[in-house]
Amino acid sequence: MAMWIDTHPPLNVCVLQTGETYACAGGESLLRGMLRLGRKGIPVGCVNGGCGACKVRIVDGSVTTLGPISRAHVSADEERAGVTLACRVAPASAVTLEVAGRLERPFSRGPATATSPISTQ
Ligand code: FES
């Protein structure tokens, strides 16, 4: 009996800042995998390597490059530190990443800064 073997099983991708986890196919960019599932976490721009919005740092795991990574958005030093564009790389293993682009928003878990009404009696 023939067995069907999936050579590109989905790989888990975790976005550190949000804790979002989604499954991304091996030949699919990290950004497209997130968009296909309607998930959020990585900032989305041109989805074509041109804007730098999706800049991330690979904290754990490995990726394969699908297209050129523009030096206008990722310097050689950044690339050596694991920074890349999520729309230009696909997972080669389970991946943990953090958003590193200029659209990064603080996800502080510190004390709330909102003020509560003060009673004036
Ligand atoms: S979304 Fe524009 S470079 Fe990735």
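In this text the structure is predicted, and so the values were computed from the model without any measurement. (Residues numbered from 1 in each chain as written. Predicted model: local features only at pLDDT ≥ 70, side-chain atom pairs only at ≥ 80, totals over all residues. Heavy atoms only, no water.)

**Regarding the pairing of strand E7 (residues 95-99)**
What you see with E7 is a clean split: Val95, Leu97 and Val99 sit on the buried side and Thr96 and Glu98 on the side with no burial. With 3 bridges joining them, strand E1 (residues 11-15) and E7 adopt parallel strand pairing. When the sheet's bridge partners are listed, Val13 is paired in E7 with Val95. Where strand E3 (residues 55-60) lies against E7, 4 bridges are found, and the strand directions are antiparallel. Note that in E7 the partner of Ile58 across the bridge is Leu97. (Buried < 20%, exposed > 50% of the residue type's maximum accessible area, 1.4 Å probe, protein only. Helix = DSSP H or I, 4+ residues; strand = E, 2+ residues; numbered from the N terminus. Pairing = 2+ DSSP bridges.)

**A closer look at the sheet that holds strand E2 (residues 20-24)**
A sheet is described by the order of its strands in space; here 5 strands give the open sequence E2-E1-E7-E3-E5, paired in mixed fashion. Only two strands of the sheet have a single neighbouring strand rather than two, namely E2 and strand E5 (83-85). Looking at each pair of strands side by side, their axes are set apart by 35 degrees on average, direction ignored. Pairing analysis gives 3 bridges linking E3 to E5, with the strands arranged antiparallel. Bridging across to E5, Arg57 finds its partner in Val83. (Axes fitted to C-alpha atoms, helices over the stretch in contact; angles between N-to-C directions.)

**Concerning the pattern of salt bridges**
Tallied over the entire structure, the rule returns 6 salt bridges. Across the pair Lys55 and Glu78 runs a salt bridge whose closest N-O atoms are separated by 2.9 Å. Here Glu78 lies in helix H2 (residues 76-80) and Lys55 lies in strand E3, a separation of 23 residues in the sequence. Under the relative-accessibility criterion, Lys55 is labelled buried at 13%. For Glu78, a relative accessible area of 26% translates into the label partly exposed. Salt-bridge contacts for Arg80 lead to Asp77; the nearest nitrogen and oxygen are separated by 2.4 Å. (Salt bridge = Lys/Arg side-chain N within 4 Å of Asp/Glu carboxyl O.)

**Details of the pairing of E1**
Across 5 bridges, the pairing between E1 and E2 is antiparallel. Within the sheet, the bridge partner assigned to Val15 lies in E2 and is Glu20. Counted between consecutive antiparallel strands, the loop separating E1 from E2 contains 4 residues, among which Gly19 sits at a positive phi close to 75 degrees.

**Comments concerning the confidence of the model for the protein**
Close inspection of predicted coordinates is inappropriate in any region flagged by low pLDDT. When pLDDT is averaged along the protein, the result is 85, and 77% of the positions lie at 70 or above. Mean pLDDT in the protein bottoms out at E2, which sits at 95, and peaks at E5, which reaches 98. Residue range residues 104-117 is modelled with pLDDT below 50. Its contacts to residues more than four positions away, or to other chains, number 5 contacts. (pLDDT = per-residue confidence, 0-100. Contact = heavy atoms within 4.5 Å.)

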